[in-house]
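If you want the building blocks of each chain, they are given just below.
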Amino acid sequence: MDKFFSQMTEIFATPKYLGEFLDGIWETAYSTVVSTAVAFLLGLVLAVLLVVGDKDGVRPLPTPIMKTLNIVINILRSVPFLILMLFVLPLSKLLVGTRIGTVASIPPLIVAAAPFIARLVETSLRETDRGVIEAAQAMGCSPFQIVWKVMLPECRPALISCFTTAFITILGYGAMAGAIGGGGLGKTAINYGYNKYNYAVMLVATVLIVILVQIAQSIGGYLAKRADKRLR
Amino acid sequence: MIKLEHVSKTFSGQSEVHAVRDVSLEVAPGEIFGIIGYSGAGKSTLVRCINLLERPTEGTVTVDGVELTALAPRQLRAQRKKIAMIFQQFNLLMQRTCLDNVCFPLEIAGAKKEAARRRGMELLELVELGDKAGAYPVQLSGGQKQRVAIARALASDPKVLLCDEATSALDPQSTRAILRLIQKINRETGITVVIITHEMAVVEEICQRVAILDSGSLVETGRVEDIFSNPQTDAGRRLVYPDGVALEELPAANVVRVAFDGGSAYQPLVASLAIDCGVKVNILGADTRNIDGKAFGTMLLGLPQDPAEAARALAYLRGQPNVTVEEARDYHG
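Another aspect to go through is the overall build of chain A. Along the backbone of chain A there are 10 helices and 0 strands. Each helix and strand of chain A, ordered N terminal to C terminal, gives the series α-α-α-α-α-α-α-α-α-α. With the C-alpha coordinates of chain A rotated into their principal frame, the extents come out at 70 × 45 × 25 Å. Looking at chain A as a whole, 46% of its 232 residues qualify as buried. Taking the intrachain contacts of chain A between residues at least 6 apart in sequence as the baseline, contacts between residues at least 24 apart amount to 71%. Of the charged side chains in chain A, 20 are positive and 13 negative; the average position of the first set lies 4 Å away from that of the second.

Structure below.
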């Protein structure tokens, strides 16, 4: 216990640790924001395909295509993140030239999160009022207009919530990525904390991650609520 | 304006459902046409066959001279802009303001934003909701939402307005107001209106002709006053006289059915019968309605047991204008 307290004091006394934590926060924030943005776009496109191409959708697609899409998404979702990351790291090497560091962890995060986001967004899009879609069809809307002008705008609050959930999930994945060469607070916790028996560092890094999650959730919740015109 | 020929719609699934069976009907331009039936009779499916939200399994649909059933998706979408529709649940875009809802069809058609907003405001003024332009649907009452839906429906200058149970979610007062509005728009623009409803009151309020739908089949079509004063089918009678008459409560003999078929006003028939020929009759049941200021409906009268008095009453009744009398044997048939 005494050791823990002396470690704690050391953290706040030495600029080296402070810089380490600030770097960790920056790397985590950076990789999470970039990964979430790209993964959300991919997931959104997949979700729209899943909903629109369904046999009851506004533009049914051939069954084999839909089946394949579903199976691929299910497989990607069922592989544990750490293992998926190991599989995808060669892709990182190809795309960004390295397997180590913050940037290298972005492609695996995207590949892991996109299918998850696709399912999340799919659920929201399916909840678009059937009647409203029918009204749009009756007005002569094309399938693209229904997606772009009806489904997505009507689901805006739910989509913001999905984005928030995705952001937080990716933040968690990113921390895990720290264990196998990724950057960020996860790396700080593992390299400077766990591996060096410095539990104070581990604790501080964890608390910082928790604070980031809280901030993301608060902002997301606020934006979703503000966007919802049904709550007036 | 609208012509359905041998339209059938069968939903295949675990068991086949014949929602619409071999329906043929024609709606004239500028007419307000009612389609009435109990829930499950296939009304909603039938009206969706008019704009092909449901594609009929058999038969052809022609609107404004264009056979919709023969069109490719893109052409069909262009034709649908001429066929507006309003719904029981209003189906407004909840995340858009009233004005943006009204502008929606114009936006879809690629209109300029300024022009669309001007037209949208005009339409909101028409439905007397100009002050709600910036409000969101959630802030409106049911009647107001339906007004916005009507304004939105009119935005694309349609030739046909389909109303699918448009007043069924509204209270009686809002129902009346909405029907008045539809009537006014029909008179001013000559738009053809098809009204789907399960409420007889709605049909009698504004329709000129009505079709009765029963288990997917069209069982009766005609002028509203004809069908009201003298429904020919069981389904028709059940709709016109929803409460029916308990048969066993009626005397077995000497019952006549008196039908009012549009005399200029109600006459105090029973009273004048008593005064003019001194015969007292029992009113066993009556269902009369005021349609456009004329009396329609029927009355069941129990005549006196005395044959001479009964004959006198019968003769008197038969002598009245705008009234037909028949002996109501079938009430115990």
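Picking up after the structure, the text goes on.
Glancing now at the layout of surface pockets. Approximately 750 Å³ is the volume found for the largest pocket. Looking at the largest pocket, it is lined by 22 residues, and the ones nearest its centre are Val58 and Gln137 of chain A together with Leu52, Leu53 and Arg80 of chain B. Elements that contribute at least two residues to the lining of the largest pocket include exactly α6 (130-138) and α7 (143-154) of chain A together with α2 (73-80) of chain B. Across the lining of the largest pocket, the residue classes break down as 9 nonpolar, 3 polar and 10 charged.

Another aspect to go through is the pattern of salt bridges. All names here are of chain B. Applying the stated criterion across every chain, the model contains 23 salt bridges over all chains. The salt bridge involving lysine 9 is made with glutamate 54; its shortest N-O contact spans 3.7 Å. In this pair, lysine 9 is assigned in strand β1 (residues 2-11) and glutamate 54 in the loop between α1 (43-50) and β4 (58-63), connecting sequence segments 45 residues apart. Its relative accessible area of 10% is what places lysine 9 among the buried residues. Between arginine 176 and glutamate 205 there is a salt bridge; the shortest N-O distance is 3.3 Å. With arginine 176 in helix α6 (residues 172-189) and glutamate 205 in helix α7 (residues 200-206), the pair connects residues that are 29 residues apart, well separated along the chain. Relative accessible area serves as the criterion here: at 48%, arginine 176 is assigned to the partly exposed category. According to the relative accessible area criterion, glutamate 205 is buried, its value standing at 18%.

Residues and elements named next belong to chain B. Within the open sheet, the 6 strands sit side by side as β6-β7-β8-β3-β9-β10. Their pairing is mixed. Each end of this open sheet is capped by a strand with a single partner; those strands are β6 (83-87) and β10 (217-223). Pairs of neighbouring strands in the sheet enclose a mean axial angle of 15 degrees, with direction left out of account. In this structure, strand β3 (residues 32-36) lies alongside strand β8 (residues 192-197), joined through 5 bridges in parallel fashion. Within β8, the residue paired with isoleucine 35 across the bridge is isoleucine 196.

What follows is about the packing of α6 of chain A against α7 of chain A. All names here are of chain A. Taken N-terminus to C-terminus, the directions of α6 and α7 make an angle of 140 degrees; their axes are 11 Å apart at the nearest point. Taken together, the axes of α6 and α7 lie oblique to each other. Helix-helix and strand crossings are classified by hand; for α6 and α7 the assignment is right-handed. Residues Val132, Ile133, Ala136 and Gln137 of α6 touch α7, and the partners they reach there are Ile146, Val150 and Met151. Residues that form the contact of α6 with α7 fall into these classes: 6 nonpolar, 1 polar and no charged.

Residues and elements named next belong to chain B. Across the 6 residues of β8, 6 count as buried, placing the element largely inside the fold. What you see with β8 is no split at all: Thr192, Val194 and Ile196 on one side and Val193, Ile195 and Thr197 on the other are buried throughout. In the sheet, strand β7 (residues 160-164) pairs with β8 via 5 bridges, with the strands oriented parallel. Within the sheet, the bridge partner assigned to valine 160 lies in β8 and is threonine 192. Crossover handedness for the path β7 to α6 to β8: right-handed.

Each value, and the rule that gives it
Within each chain, residues carry numbers counting from 1 in the order of the written sequence. Whichever chain is written first becomes A and whichever ligand is written first becomes 1, with later ones labelled in order. The predicted origin of the model limits local features to residues at a pLDDT of at least 70 and limits the giving and counting of side-chain atom pairs to 80 or more, whereas totals for whole chains, interfaces and linings rest on all residues. As a rule here, side-chain values cover all heavy atoms of the structure and leave hydrogens and water aside. Strands here are runs of E lasting at least two residues and helices are runs of H or I lasting at least four, both read from the DSSP assignment and numbered beginning at the N terminus. Only protein chains enter the calculation, and the probe is 1.4 Å; a residue is then buried if its accessible area is under 20% of its type maximum, exposed if over 50%, and partly exposed in between. The contact criterion used throughout is that any non-hydrogen atoms of two residues lie within 4.5 Å. In summary, the charge assignment counts Lys and Arg as positive and Asp and Glu as negative, without counting His or the chain termini. Charged side chains are reduced to one point each, which is NZ for Lys, CZ for Arg, CG for Asp and CD for Glu. For cavity detection a 1 Å grid was placed over the protein atoms alone, and a set of points counts as a cavity when a 1.4 Å probe fits there but cannot get out; an open set counts as a pocket when protein lies on both sides within 12 Å along at least five of seven lines, with lining residues being those that have an atom within 4 Å of a point. Grid points are joined across faces, edges and corners, and a volume is the space filled by probe spheres set on the points. Polar here means any residue other than Ala, Val, Leu, Ile, Met, Phe, Trp, Tyr, Cys and Pro, which are nonpolar, and Asp, Glu, Lys and Arg, which are charged; Gly is therefore polar. Salt bridges are counted wherever a side-chain nitrogen of Lys or Arg sits within 4 Å of a carboxyl oxygen of Asp or Glu. A strand pair is defined by DSSP finding two or more bridges across the two strands. Axis angles are defined between N-to-C directions and span 0 to 180 degrees, where every axis is a line fitted to C-alpha atoms and, for a helix, only to the segment in contact. Each angle gets one of four labels, with under 35 degrees taken as roughly parallel, over 145 as roughly antiparallel, 65 to 115 as roughly perpendicular, and the rest as oblique. For any pair of crossing helices, the crossing counts as left-handed if the nearer helix is rotated counterclockwise from the farther one by less than a right angle, and right-handed if it is rotated clockwise. By convention, orient the strands away from the viewer: a clockwise path from the first strand over the helix to the second makes the crossover right-handed.

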